[in-house]
Amino acid sequence: MIPDASSPVSQYISFLIAGDVYAVNILRTREIVEHSVTSRVPMMPACIVGAMNLRGRVVPVIDLAIKLGLPPTKVTRWTCVLIVEADLDGESTRLGLLIDAVGDVLTLSEDQIEPAPTFGVQVRTDQLLGVAKVGEKLVLLLNIDHILSPAELLGSTDLGRSAPGAPPALPGSHGAPAGEGDRP
């Protein structure tokens with residue numbers, strides 16, 4: 001569907017989680033990286049599966065499926081980490097979102113986006129910017145600033161702040177037994 005020229009447009013990057021299509025504003029997306037080894041961090045919420053070293057920067061990795069109340073992401077050859085920036089108390093915080101597969105860049109006008117429904121979705125309505133119909137599919141547009149609670153975000157960003165001088169990450173994949181989920 002071609003957006004109405006009179007309505008402002010925004011671009012979103014779409015991705016799959018448990019067979020459903022989600023998207024975040026492309027301006028909040030920094031990059032997409034191949035899934036690799038993450039280091040588990042004790043006492044983090046279940047949805048924060050660990051941390052990854054992204055060119056010398058420690059980035060917390062969130063299994064978005066767990067956060068949305070779905071079974072944990074099963075790592076496949078298409079699994080990747082979407083690096084996004086969320087606002088935490090006015091400070092930009094880089095996070096990795098573990099997703100099943102990346103989709104397309106969607107160009108949507110405001111009139112193509114409907115308010116989030118109050119029923120029938122597995123996320124809280126404050127976590128959604130809205131819902132867009134793209135072809136025959138509904139795409140849930142995530143409000144990346146509200147996906148994690150402030151306490152969860154603070155816990156995960158403390159991880160990133162303690163990184164300078166920290167020992168290198170240990171092998172292991174977000175909760176998988178040693179050797180499972182690791183790439184050859």
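Residues numbered from 1 in each chain as written. Predicted model: local features only at pLDDT ≥ 70, side-chain atom pairs only at ≥ 80, totals over all residues. Heavy atoms only, no water.

Asks: Explain the overall build of the protein to me, and be specific about the residues and the numbers.
Replies: What the protein contains, in helices and strands, is two helices and 11 strands. The burial tally for the protein puts 42% of its 184 residues in the buried class. Considering only contacts within the protein whose residues lie at least 6 apart along the sequence, 59% involve residues at least 24 apart. Carbon and sulfur atoms make up 57% of the accessible area of the protein, which totals about 10000 Å². (Helix = DSSP H or I, 4+ residues; strand = E, 2+ residues; numbered from the N terminus. Buried < 20%, exposed > 50% of the residue type's maximum accessible area, 1.4 Å probe, protein only. Contact = heavy atoms within 4.5 Å. Areas by Shrake-Rupley, 256 points an atom, 1.4 Å probe, with all protein chains shown as cover.)

Asks: Hey, could you go over unusual backbone geometry for me, with residue numbers and the actual values?
Replies: The backbone phi angle of alanine 18 is positive, close to 50°, even though this residue is not glycine. With respect to the element layout, alanine 18 can be found in the loop between strand 1 (9–17) and strand 2 (20–25).

Asks: How would you summarise the packing of aromatic side chains if you had to cite specific residues and measurements?
Replies: For the structure on display, the rule yields one aromatic pair. Taken together, a centroid distance of 6.3 Å and an interplanar angle of 20° make the contact between phenylalanine 15 and tyrosine 22 stacked. Assessed through its relative accessible area of 1%, phenylalanine 15 is described here as buried. Among the residues examined, tyrosine 22 registers a relative accessible area of 1% and is labelled buried. (Phe/Tyr/Trp six-rings, centres within 6.5 Å; stacked < 30°, edge-to-face > 60°.)

Asks: Hey, could you go over the nonpolar core for me, with residue numbers and the actual values?
Replies: Core analysis: the biggest nonpolar cluster contains 25 residues, and Phe15 and Ile17 have the highest contact counts within it. Where this core is concerned, the elements lending two or more residues are strand 1, strand 2, helix 1 (64–67), strand 6 (80–88), strand 7 (91–99), strand 10 (128–134) and strand 11 (137–142). The element best represented in this core is strand 6, accounting for four residues. If we skip the residues at most four places from it in the chain, phenylalanine 15 touches Asp20, Val21, Tyr22, Ala23, Val24, Leu64, Leu82, Ile99, Ala101, Val102, Gly103 and Leu142. Membership of the second largest hydrophobic core comes to nine residues, among which are Val33, Val49, Met52 and Leu98. (Core = buried A, V, L, I, M, F, W, Y, C linked by side-chain atoms within 4.5 Å.)

Asks: I'd like a rundown of the sheet that holds strand 3 (residues 29–34), residues and numbers included.
Replies: Neighbouring strands of a sheet are bound in pairs by backbone hydrogen bonds; such pairs are parallel or else antiparallel. Read from one edge to the other, the open sheet built from five strands follows the order 3-6-7-5-4, with strand pairing classed as mixed. Taken across any chain shown, the strands that pair with only one partner, and hence form the sheet edges, are strand 3 and strand 4 (48–54). When strand polarity is set aside, the average angle formed by the axes of neighbouring strands in this sheet is 35°. (Pairing = 2+ DSSP bridges. Axes fitted to C-alpha atoms, helices over the stretch in contact; angles between N-to-C directions.)

Asks: Account for the sheet that holds strand 10, naming residues and giving values.
Replies: The six strands lie next to each other as 8-1-2-11-10-9, forming an open sheet whose pairing is mixed. Two strands in the sheet have a free side with no partner beyond their single neighbour: strand 8 (101–109) and strand 9 (113–114). Across seven bridges, strand 1 lies against strand 8 in antiparallel orientation. Along strand 8, the bridge assignment pairs tyrosine 12 with leucine 106.

These figures capture arrangement, not role.
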